[in-house]
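Okay, here's what each chain looks like letter by letter:
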Amino acid sequence: AEEVGGGDKEVVREYFNNNGFQRWKKIYGDTDDVNKVQLDIRLGHSKTVENVMKMLTEEGSLQGVTVCDAGCGTGCLSIPLAKEGAVVSASDISASMVAEAQKQAQEELFKDKDDQSPAPVMPKFEVKDLESLDGKYDTVVCLDVMIHYPQSKADGMIAHLASLAENRLILSFAPKTFYYDLLKRIGELFPGPSKATRAYLHAEADVERALQKAGWKIRKRGLIATQFYFAKLIEAVPA
Ligand code: SAM
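Our subject in this report is the structure included herewith. (Residues numbered from 1 in each chain as written. Predicted model: local features only at pLDDT ≥ 70, side-chain atom pairs only at ≥ 80, totals over all residues. Heavy atoms only, no water.)

On to the nonpolar core, then. Residues Val52, Leu77, Leu81, Leu143 and Ile170 are the most contacted members of the largest nonpolar core, which totals 36 residues. Those elements giving two or more residues to this core turn out to be α1 (7-17), α2 (19-27), α3 (36-57), α4 (78-83), β2 (87-92), α5 (95-109) and β7 (230-238). Counting residues per element, this core draws most heavily on α3, at six residues. Every residue in contact with isoleucine 170, bar those within four places of it in the chain, is listed here: Val52, Met55, Leu56, Val140, Val141, Cys142, Leu143, Leu233, Ile234 and Glu235. The next biggest cluster of nonpolar side chains, apart from the first, holds 27 residues, and it includes Cys142, Leu161, Ala162 and Ile234. (Core = buried A, V, L, I, M, F, W, Y, C linked by side-chain atoms within 4.5 Å. Buried < 20%, exposed > 50% of the residue type's maximum accessible area, 1.4 Å probe, protein only. Helix = DSSP H or I, 4+ residues; strand = E, 2+ residues; numbered from the N terminus. Contact = heavy atoms within 4.5 Å.)

Encoded structure:
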């Protein structure tokens, strides 16, 4: 039962509705009840979100731009996107995550309504796995979700996300480099209690090949690395 779409996907859904939800809500939040490793991951992830916002806004205003945030988690990206005026469709396989994202968006976006111009648009939140997403969006973003997909399934996932995007596709993934692969293997020898799901690393060349096959090319690349968080960030455009 290794495959997303088979048993693995059920395991991922179950994890992110329960233990994984509690763990990641804490990491993605701003409370003090995190350990050093979790704090480091929080920092790394927030850098990824910052870099994505930079990548997107340096191409022009996001006002009225449609963005699909696939695997939105607690809304760390959807909320800043909405603040910039983007029309956000946010979805996640986990109903717990979607409910939390909805709650945080409500709190964050409308707390001081008077001095916001233009007024942000509430993202449209949905419980949906990304294989069943449809429609067309100017931009599709999928952050830190590929770690749940083996490369054999990631190709199809990348092609599907690309088919939903008109202009831009932004992906982040844990890079399969020698050092990180080693860390991960050590981690597997000593699995922590809350690491209930498998983690898949991806070689940048494999991701690039999958994009090329779908008719896309990489325009920007970045690497976010802290002590315990590694993410390769890429922006692709139609070739
Ligand atoms: N993208 C968010 C962020 O960067 O803040 C959340 C990242 S979190 C590590 C991974 C998220 O992917 C979880 O919320 C999980 O429920 C979601 N996820 C995993 N597999 C998925 C799938 N097949 N379809 C949609 N969401 C999925």
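Here we come to the sheet that holds β2. Hydrogen bonds along the backbone pair up the strands of a sheet, which may run parallel or antiparallel. What the seven strands build is an open sheet, ordered β3-β2-β1-β4-β5-β7-β6; its pairing is mixed. The sheet is open, and its two borders are formed by β3 (124-127) and β6 (216-225), each paired with just one other strand. Taking each pair of neighbouring strands and ignoring which way they run, the sheet shows an average axis angle of 15°. As paired elements, β6 and β7 share nine bridges and run antiparallel to each other. When the sheet's bridge partners are listed, glycine 222 is paired in β7 with leucine 233. Where α3 meets the sheet, it contacts β4 (137-142), β5 (165-173), β6 and β7, and its direction lies at approximately 20° from that of β7. Of the strands in this sheet, β2 and β3 are in contact with α5, which crosses β3 at around 165°. (Pairing = 2+ DSSP bridges. Axes fitted to C-alpha atoms, helices over the stretch in contact; angles between N-to-C directions.)

Read these as spatial facts, not as claims about activity.
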